[in-house]
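Analysis of the macromolecular model
For reference, the chains in residue letters:
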Amino acid sequence: MVKKKRLRLIAEMARKIRAYRELKSRPRDSQKYAVDYETMKRPLTGKMLPVMAWQDVRRESRLFSLLASMRMFGVGRLFTRKSWLEDHTEPSYWQITKVKVDYTAENMDHGKAWGILTYKGKQETDVKEVDKVMYHDWRLVPKHLEQQMKDFTPLPELPLRYVPYPPLLRAMMLAQHSKVGGSVPPEEPALPLKRDVLLNKHYFRQQEQEKQGKEGTAV
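Here's what I pulled together on the structure shown here.

The rules behind the values
- Residues numbered from 1 in each chain as written.
- Predicted model: local features only at pLDDT ≥ 70, side-chain atom pairs only at ≥ 80, totals over all residues.
- Heavy atoms only, no water.
- Helix = DSSP H or I, 4+ residues; strand = E, 2+ residues; numbered from the N terminus.
- Salt bridge = Lys/Arg side-chain N within 4 Å of Asp/Glu carboxyl O.
- Phe/Tyr/Trp six-rings, centres within 6.5 Å; stacked < 30°, edge-to-face > 60°.
- Buried < 20%, exposed > 50% of the residue type's maximum accessible area, 1.4 Å probe, protein only.
- Lys NZ or Arg CZ within 6 Å of the ring centre and 35° of its normal.
- Core = buried A, V, L, I, M, F, W, Y, C linked by side-chain atoms within 4.5 Å.
- Contact = heavy atoms within 4.5 Å.
- Patch = residues over 30% accessible without salt bridge, like charges linked within 9 Å, V, L, I, M, F, W, Y side chains within 5 Å.
- Areas by Shrake-Rupley, 256 points an atom, 1.4 Å probe, with all protein chains shown as cover.
- Pairing = 2+ DSSP bridges.
- Polar contact = N/O pair within 3.5 Å; in protein donor to acceptor, adjacent residues only side chain to side chain.

1. Observations regarding unusual backbone geometry
Positive phi, normally seen in glycine, also occurs at M40, with a value near 60°. Mapping M40 onto the fold places it in the loop between α2 (29-32) and α3 (54-59).

So this is what it looks like as structure tokens:
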């Protein structure tokens, strides 16, 4: 006969209380991202901000520093970033649709925001959470420029261009093809100038896993 498991109500309640106290003791964003503008350090961790960011920290604003001073916390307005204005000629901005303010912050300049992203003139369809709201490079798009940015039409993408392979690599590819198929390929091998994959750590990790799957794990 299987022994019935005894329900320990007090132990379960104690576990929930510990989890709740741990959640309440976590630092809020207003504490985590607070900055001492004289020493350029974060009071919570004592870490100093990068020297190259000091100028922007003193001159530019965080997103919620702008939202806190606006009617309805800026819902419906467009916000862009200084880095986008410097790096791209196409308009890039967020249209804010929802704001959740941290009312425990001193100036209500922390929280979460959601909106529709338009990046380099291409607008996304889904509403997403705005990232990097704590960066000091956010700017409000003036009212008289909003329609101009919305009416921007991105240029059509250029057709994919190809270049011939280097002679040695071309000869190796033709030799490999003739060894496998036994005939000359109908088309000249060409190298596309556009990379179809993003060469990040996830791509190389996937390639390594596929290689191990083919070769097997060493014993």
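This is not the end of the story, as more comes after the structure.
2. As for the pattern of salt bridges
Enumeration over the complete set of coordinates arrives at nine salt bridges. A salt bridge links R15 to E12; the shortest N-O distance between them is 2.7 Å. Of this pair, R15 and E12 both sit in helix α1 (residues 9-25), three residues apart, which is roughly one turn of that helix. Across the salt bridge formed by R62 and D109, the nearest N and O atoms sit 2.9 Å from each other. You can see R62 sitting in the loop between α3 and α4 (63-67) and its partner D109 sitting in the loop between β2 (93-101) and β3 (111-119), a full 47 residues away along the chain.

3. Considerations on the packing of aromatic side chains
By the definition in use, this model includes two aromatic pairs. Between W84 and Y119, the aromatic rings sit 6.0 Å apart at their centres with planes inclined by 70°, giving edge-to-face as the arrangement. Of this pair, W84 sits in helix α5 (residues 82-87) while Y119 sits in strand β3, placing them 35 residues apart in sequence. Residue Y119 is classed as partly exposed on the basis of its relative accessible area of 35%. Clustering of aromatic rings is evident, with ring pairs tying together W84, Y119 and W138. Across the ring face of W138, the terminal group of R81 is positioned such that the distance to the ring centre comes to 5.7 Å.

4. Points about the nonpolar core
With 15 residues, the main nonpolar core has L63, F79, W94, A113, V130 and W138 as its most contacted residues. Looking at this core, the elements that each hand over two or more residues are α4, β2 and β3. Setting aside anything within four residues of it in sequence, one finds A113 in contact with L63, F64, L67, I96, K98, V99, K128, E129 and V130.

5. Things to note about a nonpolar patch on the surface
A cluster of nonpolar residues, L168, L169, M172 and M173, forms a patch on the protein surface that exposes about 390 Å² of accessible area. One can find L169 in helix α7 (residues 167-181). A residue is classified by how much of its surface remains accessible, and L169, at 38% relative accessible area, is partly exposed.

6. Considering the pairing of β3
Among the nine residues of β3, seven are classified as buried, and the element is accordingly described as predominantly covered. Direction of pairing for β2 relative to β3: antiparallel, over a ladder of eight bridges. Looking across to β3, one finds that V101 is bridged to G111. Relative to strand β5 (residues 128-129), β3 runs antiparallel, the two sharing two bridges. Among the inter-strand pairings, G115 is bridged to a residue of β5, identified as K128. Pairing of β3 with strand β4 (residues 122-123), which is carried by two bridges, proceeds in the antiparallel orientation. Opposite T118, over in β4, you have Q123 as the bridge partner.

7. Comments concerning the side chain of D109
A residue is classified by how much of its surface remains accessible, and D109, at 14% relative accessible area, is buried. Separated by 2.9 Å, the side chains of D109 and R62 make a polar contact. Setting aside residues up to four positions removed in sequence, D109 forms contacts with R62, F64 and S65.

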